[in-house]
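Descriptive analysis of the structure
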Amino acid sequence: MESTDFHHALALLDWQVELGATEAICDAPVNCYDLPQTAAKPAAAKPAAEASAAAPAQPGKPSVDAVAAAQKAAAAADTLEALRAEMQQFEHCALKRGARNLVFSDGVAGAPVMIVGEAPGRDEDREGRPFVGAAGQLLDRMFAAIGMARTDTVAPVYITNVLPWRPPQNRDPSPEEIAMMRPFLLRHIALAQPKVLVVMGNNSAHALLEKRGITRLRGTWTEAAGVPVMPMCHPAYLLRTPSAKREAWTDLLEISARIADDGSHRNSGK
Ligand code: URA
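None of the values given here were measured: they were computed from a predicted structure.

Parameters and conventions
Residues numbered from 1 in each chain as written. Predicted model: local features only at pLDDT ≥ 70, side-chain atom pairs only at ≥ 80, totals over all residues. Heavy atoms only, no water. Near = heavy atom within 4 Å. Polar contact = N/O pair within 3.5 Å; in protein donor to acceptor, adjacent residues only side chain to side chain. Areas by Shrake-Rupley, 256 points an atom, 1.4 Å probe, with all protein chains shown as cover. Nonpolar A, V, L, I, M, F, W, Y, C, P; charged D, E, K, R; others polar. Helix = DSSP H or I, 4+ residues; strand = E, 2+ residues; numbered from the N terminus. Core = buried A, V, L, I, M, F, W, Y, C linked by side-chain atoms within 4.5 Å. Buried < 20%, exposed > 50% of the residue type's maximum accessible area, 1.4 Å probe, protein only. Contact = heavy atoms within 4.5 Å. Phe/Tyr/Trp six-rings, centres within 6.5 Å; stacked < 30°, edge-to-face > 60°. Lys NZ or Arg CZ within 6 Å of the ring centre and 35° of its normal. Axes fitted to C-alpha atoms, helices over the stretch in contact; angles between N-to-C directions. Parallel < 35°, antiparallel > 145°, perpendicular 65-115°, else oblique. Left-handed = near helix turned anticlockwise from the far one by under 90°. Pairing = 2+ DSSP bridges.

**Overview of the site of the ligand**
Near the ligand the following residues occur: Gly117, Glu118, Ala119, Glu124, Pro130, Phe131, Asn161 and His234. Between a nitrogen atom of the ligand and a main-chain N or O atom of alanine 119, the distance comes to 3.1 Å. One nitrogen or oxygen atom from the side chain of histidine 234 is found 2.7 Å from an oxygen atom belonging to the ligand. About the coverage of the ligand: the protein hides 91% of its 230 Å² of free accessible area. Considering only residue class, the shell around the ligand consists of three nonpolar, three polar and two charged.

In structure tokens:
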């Protein structure tokens, strides 16, 4: 299938989901006026041995090879550009086939603050940049409130996601997808060398801290990949739950103070 056909088909599917379709019943359309006179006999059950041989081995689970391949590819990258190229060539993650673009990063590489989101949505997939939709606009306003921005050369931030490809219908990343792409994320952090990581949302916390329950984890410094981590509620959650913005503000002040202490923020006075 041509890739334009693929994206056309995906757009049609998206549209049907937006109209409320929840199930794909068959691969091909059924003409309900042309049903056979006699009901088809159910296929005879396969012998147990044949059935188990035909069953896919643990569907949805990355083979150890996929994780090992990701580790090898990530380790081979000595620069951020090389890492982007390795990810571009990585063929083990099925999400890549449904995505328009690899969403690698945005902002200033080497910035003291590295924000780790979950996965691209529709806008990010189209643009090939993380956090450009509604949640991203809120993210920009949040960091602007502490004098930081992705375009700011004085107090910049650097932004990436756990997954570089959009999951279909913006579903949550699966644990298998997170495990497969984690080696790239760890290498990304090692190459970007941030002073602090800001982990946005449950799936990012799962990827980097191996913990869930972001409303409990948020606001308390922890550590991952040898870097201090501030877990925060995801901006998409804050859009749905404005009452949580107050706590997000205290988290932002914590980040600002930590960077100032470190001497890497313009308001540090050092
Ligand atoms: N949500 C994310 O976690 N990342 C993006 O890039 C966009 C929305």
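Past the structure itself, the notes keep going.
**Side note on unusual backbone geometry**
Trans is the common state for peptide bonds, and a negative phi is the common state for residues other than glycine. The residue glutamine 169 is not glycine, and still its phi comes out positive at about 55 degrees. Its location among the elements puts glutamine 169 in the loop between β3 (157-161) and α8 (175-192). The residue asparagine 170 is not glycine, and still its phi comes out positive at about 55 degrees. Positionally, asparagine 170 belongs in the loop between β3 and α8.

**Let's talk about the nonpolar core**
Membership of the largest hydrophobic core comes to 63 residues, with the highest contact counts inside it found for Val113, Ile115, Met142, Phe143, Phe184 and Met232. In terms of residue count, α8 provides more of this core than any other element does, seven residues in total. Leave out the neighbours within four places in its chain, and phenylalanine 143 touches Val113, Ile115, Met148, Val157, Val198, Met200 and Leu252.

**Considering the packing of aromatic side chains**
For the structure on display, the rule yields one aromatic pair. Judged by centre distance (5.1 Å) and plane angle (75 degrees), the rings of phenylalanine 90 and phenylalanine 184 are edge-to-face. Pair noted here: phenylalanine 90 is in the loop between α4 (80-89) and α5 (95-98) and phenylalanine 184 is in helix α8, with a separation of 94 residues, a long-range link. Of the residues examined, phenylalanine 184 reaches a relative accessible area of 1% and is grouped as buried. Directly above the ring of tryptophan 221 sits arginine 258, whose terminal nitrogen or CZ lies 4.6 Å from the centroid.

**Re the packing of α8 against helix α9 (residues 202-209)**
Between α8 and α9, whose axes approach to 9 Å, the crossing angle comes to 70 degrees. Taken together, the axes of α8 and α9 lie roughly perpendicular to each other. Crossing angle aside, the handedness with which α8 passes α9 is right-handed. Within the contact between the two elements, α8 uses Pro175, Ile178, Arg182, Leu185, Leu186 and Ile189 and α9 uses Asn203, His206, Ala207 and Leu208. Per-class residue counts for the contact of α8 with α9 are seven nonpolar, two polar and one charged.

**Concerning the pairing of strand β2 (residues 113-117)**
Counting buried residues along β2, five of its five residues qualify, which places the element largely inside the surrounding structure. With burial as the criterion, each face of β2 is covered, one bearing Val113, Ile115 and Gly117 and the other bearing Met114 and Val116. In this sheet, β3 lies alongside β2 in parallel orientation, the contact comprising five bridges. Bridge pairing links glycine 117 to asparagine 161 in β3. Pairing between β2 and strand β4 (residues 196-200): four bridges, direction parallel. Considered in β4, the bridge of valine 113 is made with valine 196.

**What to know about the environment of proline 175**
By secondary structure assignment, the location of proline 175 is in helix α8. Considering only alpha carbons, one finds proline 175 and alanine 207, 32 residues apart in sequence, at a separation of 8.4 Å.

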